Amino acid sequence: MIVAGNWKMFAGPDPRALAEELAGLGGVETIVCPPYTALAACVAAGLTTYAQNVHWADEGAYTGEISPPLLLALGVHGSLVGHSERRHHFGETDEGVARRASAALAAGLGVIACVGETQEERDEGATETVLRIQVDAIRDACGANERLVVAYEPVWAIGTGRTATPETAQEAHALIKTLLDRPVLYGGSVKPENAAELLEQPDVDGALVGGASLDVDSFASICEAAARIRS
Ligand code: PEP
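Reference entry: report on the structure contained in this document.

## Topic: unusual backbone geometry
One can expect most non-glycine residues to show negative phi and most peptide bonds to be in trans. One non-glycine residue, Lys 8, adopts positive backbone phi at about 50°. In this fold, Lys 8 is placed in the loop between β1 (2-6) and α1 (15-22). The class for Lys 8 is buried, based on a relative accessible area of 18%. Phi is positive for Ser 189, close to 55°, though the residue is something other than glycine. Structurally, the position occupied by Ser 189 is in the loop between β7 (184-187) and α9 (195-199). Relative accessible area serves as the criterion here: at 15%, Ser 189 is assigned to the buried category.

## Points about the site of the ligand
Surrounding the ligand, one finds 14 residues, the nearest of these being Lys 8, Glu 153, Gly 159, Ser 189 and Gly 210. Within the side chain of Asn 6, an N or O atom sits 3.1 Å from an oxygen atom of the ligand. Protein coverage of the free-state accessible area of the ligand, which is 290 Å², stands at 95%. A class-by-class count of the residues in the shell around the ligand yields four nonpolar, eight polar and two charged.

## Digging into the environment of Asp 140
Of note, Asp 140 is situated in helix α7 (residues 127-142). C-alpha separation for the pair Asp 140 and His 88, spaced 52 residues apart in sequence, amounts to 22 Å.

## Concerning the layout of surface pockets
Quantified by volume, the largest pocket comes out at close to 420 Å³. Along the wall of the largest pocket there are 15 residues; nearest its centre are Met 9, Tyr 36, Gln 52, Arg 86 and Phe 90. Element by element, the count of residues in the lining of the largest pocket is highest for helix α4 (residues 84-89), at three residues. Looking at the lining of the largest pocket residue by residue, the class counts come to five nonpolar, six polar and four charged. Of the voids in this model, the second largest pocket is the one considered here, and its volume is about 160 Å³. Along its surface, the second largest pocket is lined by Arg 122, Thr 127, Glu 128, Leu 131, Thr 168, Glu 171, Ala 172 and Leu 175. Counting residues per element, the ones that place at least two in the lining of the second largest pocket are α7 and α8 (166-179). Counting residues per element, the lining of the second largest pocket draws most heavily on α8, which supplies four residues. Across the lining of the second largest pocket, the residue classes break down as three nonpolar, two polar and three charged.

## Observations regarding a negative patch on the surface
A cluster of acidic residues, Asp 14, Glu 20, Glu 21, Asp 215, Asp 217 and Glu 224, forms a negative patch at the surface. Tracing the backbone shows Glu 20 in helix α1.

## Topic: α7
Here α7 is 16 residues long and its end C-alpha atoms lie 22 Å apart, about the 22 Å a rise of 1.5 Å per residue gives. Buried residues along α7 sit in contact with α4, α5 (94-107), β5 (110-115), α6 (119-123), β6 (148-152) and α8. Phi turns positive, to about 65°, at Gly 143, one or two residues after α7.

About the cut-offs
- Residues numbered from 1 in each chain as written.
- Predicted model: local features only at pLDDT ≥ 70, side-chain atom pairs only at ≥ 80, totals over all residues.
- Heavy atoms only, no water.
- Helix = DSSP H or I, 4+ residues; strand = E, 2+ residues; numbered from the N terminus.
- Buried < 20%, exposed > 50% of the residue type's maximum accessible area, 1.4 Å probe, protein only.
- Near = heavy atom within 4 Å.
- Polar contact = N/O pair within 3.5 Å; in protein donor to acceptor, adjacent residues only side chain to side chain.
- Areas by Shrake-Rupley, 256 points an atom, 1.4 Å probe, with all protein chains shown as cover.
- Nonpolar A, V, L, I, M, F, W, Y, C, P; charged D, E, K, R; others polar.
- 1 Å grid on protein atoms, 1.4 Å probe; cavity = no way out; pocket = protein on both sides within 12 Å on 5 of 7 lines; lining within 4 Å.
- Points joined across faces, edges and corners; volume = space filled by probe spheres on them.
- Patch = residues over 30% accessible without salt bridge, like charges linked within 9 Å, V, L, I, M, F, W, Y side chains within 5 Å.
- Salt bridge = Lys/Arg side-chain N within 4 Å of Asp/Glu carboxyl O.
- Lys, Arg positive; Asp, Glu negative; His and termini not counted.
- Charge placed at Lys NZ, Arg CZ, Asp CG, Glu CD.
- Expected span 1.5 Å × (residues − 1).
- Contact = heavy atoms within 4.5 Å.

Here it is as structure tokens:
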């Protein structure tokens with residue numbers, strides 16, 4: 001089980017307080033994805049630390065981007081790629097997401113690659129097609145790399161308070177695993193109250209948590225639920 005917290009563009013909790021709270025939790029791998037300014041403090045606190053994005057080039061004239069070697073030099077362990085907020089607010093494409101994932105893996109970083117359909121795509125019955133296109137792009141670039149994890153994050157469930165039902169999540173996770181044989185995390189309004197029922201699904205291998213990861217107690221309680229389920 002893997003539980004990752006995406007702090008987005010929020011300061012997030014105190015890394016040392018979080019590390020203390022998570023210390024000694026067995027059966028779950030915990031990851032934090034803080035804003036860039038908090039990466040070093042999270043590494044120093046002993047947290048497994050991922051950036052929220054990473055570029056494919058080692059260096060260059062790419063203002064506002066960060067490269068795999070720069071993250072590695074800071075002691076960062078991996079990165080998210082393809083978060084829906086990157087895809088939808090910043091125009092990231094399947095091709096770009098795949099390039100980012102592949103470069104990060106080649107450099108030795110871990111990668112959580114996010115995929116998921118919008119409400120409109122679900123309503124049109126296009127969920128399977130969208131997931132196939134997004135996952136195929138990542139698989140073609142990266143293969144079933146052992147440092148690659150997929151996160152299924154239906155866009156309509158992110159930050160909305162609307163969580164996928166356990167059955168909806170399970171169905172999408174099972175499909176993704178037929179395309180790419182790697183662990184799949186569920187993301188979309190995961191909270192302490194709904195974590196267990198989602199994490200109990202056979203193809204749900206963990207959670208990617210946004211809002212509820214900003215509070216030490218709620219993130220720890222999701223991590224504890226994960227630890228209880230498959231330990
Ligand atoms: C996310 O940011 O990846 C996410 C799933 O957010 P939330 O848990 O707030 O829906």
